[in-house]
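Results of the structural survey
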Amino acid sequence: MTVPWVVKYRPKTLDDVENQEDVKDELRSWIDSWLKGSPSSTAVMLYGPPGTGKTSLAIALANTYKLELVETNASDTRNLTSLRAIVERASISGSLFGIRGKLIFLDEVDGIQPKQDYGAVSAILEIIKNTKYPILMAANDPWNPNLRDLRNAVKMIEVKKLGKIAMRRLLKKICSGEKIKCEDNALDQIIEASDGDSRYAINFLQSIAEGYGEVTEKLVSELVRRKERELDPFETVRSVFWARYGWQAKQAVSNSQVEYDLLMRWLSENIPIQYEMLNDIWRGYDALARASIFLTRAKLSSWDMLSYTFDLMGPGVAMAEVEKKSPSWKAKWKKYQFPTLVQQLYKSKRTRDTRDQIIKKIGFHLHSSSTKIYNDVFPFFLIMTSKDLDELAKNLDLSPEEIEFIQSSQVRDVALKETGSTAQPSERTSRSRTTSKSRSKKP
């Protein structure tokens, strides 16, 4: 299994960390105060944009001072019980490794939500108060109002974006270590697109180097995109199917602008187009089906399940093609298509809107909901209009378009067949969602 370069070339000690001299000095001073028995602050929060090296600094700090690193993602360790079980136990118990003790690292503390993760911030504050070991935290957005109490209880250290010179030095070092040909202008384009995010730059460098064997200005100009740009449906699908490694596929679905349910339909529609072997197609659909299960569980019970959805929808579908394990594998260009259901809904939107307007008018006169009219009245209404349309049209004040809808025998047959199916008026859809949400809140 190939190790991602962001892991392979992660700095081992603080001296290996590029740039960030002020941050390293503050961290050294903080840990030294702990080792002397008079800590200047119980906890420190590193904050700054993604990819600036906050996690790498934590690991390098622990290695430099030979501390056992107890690492957890605070946004995944959601509640009071989980935090106490993992972090509090580590903060008061002895160290199994190393001479000097532990460094407790809480990553992504800004991912904590006040409602879903009730009690998490107060649990962290309690742990900070009682800990026997230094606690280091990381956040992309520390100014979130939910973290106000946490900000007041810790020392804040800003980790700034990596400069272009430091970024070039880092990428050059990786190219040399991997023995890959890389043009200087190509590196400049990657650095410009990364906007100071070293993780993005390294991942992009690896994806081109391993996919094409070299990193040229022409390749980068064709493939590079601004890191903050979200992928459209076609880009997302292509990035998933062309991903040679799981992290590339997960990055594609994570950066997509397409909603989860709709993205599943895009992948489902194009799996048999991209994959030629029957077993690959089966594995792709199996991963997608499991992703759908976890997405439903995430909506109804806990959004923690969403990470499994990303794993199965991205890497699960991408790695369904066994041939990717072969060194000679190359991505195959395919012409992807819109999901059939989306096309059908788009083509029938005008017809469905007209139908819903008629249902709304009937409901107004009968003082009944659109859902009830659709299920219990509308089928009989279509039958009645075949005998006395003029009178009903006058009483309901139907427009010429609505009259044409009723007169069309083809449309009438479609409407009758749809009755009781999943195609429902807009009111029923919204009411169903409300009911689902209310049910999900019940124990």
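Reading guide: rules and limits
Residue numbers run consecutively from 1 along every chain, following the written order of its sequence. Local features in this predicted model are restricted to residues whose pLDDT is 70 or higher, and side-chain atom pairs enter the listing and the counts only when it is 80 or higher, whereas totals over whole chains, interfaces and linings include all residues. Side-chain numbers here rest on the full set of heavy atoms in the structure, without hydrogens or water. Salt bridges, as used here, are contacts in which a Lys or Arg side-chain nitrogen is within 4 Å of a carboxyl oxygen on Asp or Glu. Only protein chains enter the calculation, and the probe is 1.4 Å; a residue is then buried if its accessible area is under 20% of its type maximum, exposed if over 50%, and partly exposed in between. UniProt positions are given in the numbering used here, feature names are shortened, and annotations may be inferred rather than shown by experiment. Helix numbers and strand numbers start at the N terminus; a helix is a DSSP run of H or I with at least 4 residues, a strand a run of E with at least 2. In what follows, a contact means two residues having at least one pair of non-hydrogen atoms within 4.5 Å. Two strands make a pair as long as DSSP finds a minimum of two bridges between them. Only the six-membered ring of Trp is used, alongside the rings of Phe and Tyr, when aromatic pairs are assigned; centres must lie within 6.5 Å, and planes under 30 degrees apart are stacked while those over 60 apart are edge-to-face, with the rest tilted. Look at NZ for Lys and CZ for Arg. If either is within 6 Å of the ring centre and within 35 degrees of the ring normal, a charge sits over the ring.

1. Things to note about the pattern of salt bridges
- For the structure on display, the rule yields 18 salt bridges.
- For Asp356, the salt bridge is made with Arg355, and the minimal N-O distance between the two is 3.3 Å. Neither Asp356 nor Arg355 differs from the other in exposure class; each is buried.
- Several salt bridges share partner residues, and in doing so they unite Arg168, Lys172, Asp184 and Asp188 into one network.

2. Quick notes on the UniProt feature "binding site: ATP" (unreviewed entry) in the protein
- When the UniProt feature table is mapped onto this chain numbering, "binding site: ATP" (unreviewed entry) sits at Gly48, Pro49, Pro50, Gly51, Thr52, Gly53, Lys54 and Thr55.
- Relative to the elements of secondary structure, Pro49 occurs in the loop between β1 (43-47) and α3 (54-64).
- We classify Pro49 as partly exposed; its relative accessible area is 29%.
- Excluding residues that lie within four positions of it along the chain, Pro49 makes contacts with Lys54, Asn140, Val159 and Lys161.
- Inspection of the secondary structure puts Thr55 in helix α3.
- If sequence neighbours within four positions are ignored, Thr55 has contacts with Arg10, Glu71, Phe105 and Asp107.

3. Focus on the pairing of β1
- Burial analysis of β1 places five of its five residues in the buried class, which makes it a mostly covered element.
- Residues Ala43, Met45 and Tyr47 line one face of β1 and the alternating positions Val44 and Leu46 line the opposite face, and both faces are buried.
- Across five bridges, β1 lies against strand β4 (residues 135-139) in parallel orientation. By the bridge assignment, Leu46 is partnered in β4 with Ala138.
- Looking at chain direction, β1 and strand β5 (residues 155-158) are connected through four bridges and run parallel. Residue pairing for β5: Leu46 is matched across the bridge by Ile157.

4. Thoughts on the packing of aromatic side chains
- Here the structure, examined in full by the defined rule, presents five aromatic pairs.
- An angle of 70 degrees between the planes, with centres 5.6 Å apart, marks the rings of Tyr260 and Phe310 as edge-to-face. Of this pair, Tyr260 sits in helix α13 (residues 260-274) while Phe310 sits in helix α15 (residues 306-318), and the two are 50 residues apart along the sequence.
- Here Tyr260 falls in the partly exposed class, since its relative accessible area comes to 31%.
- With a centroid separation of 5.2 Å and an interplanar angle of 35 degrees, the aromatic rings of Phe294 and Tyr308 are classed as tilted. Linking Phe294 in helix α14 (residues 278-300) with Tyr308 in helix α15, this pair joins segments that are 14 residues apart in sequence.
- An aromatic cluster is built from Phe241, Tyr275 and Tyr336, whose rings are joined through pairwise contacts.
- Looking at Arg238, its charged tip hangs above the ring of Trp242, at a distance of 5.8 Å from the centre.
- The ring of Phe294 has Arg297 sitting right over it, with the charged end atom 5.3 Å from the ring centre.

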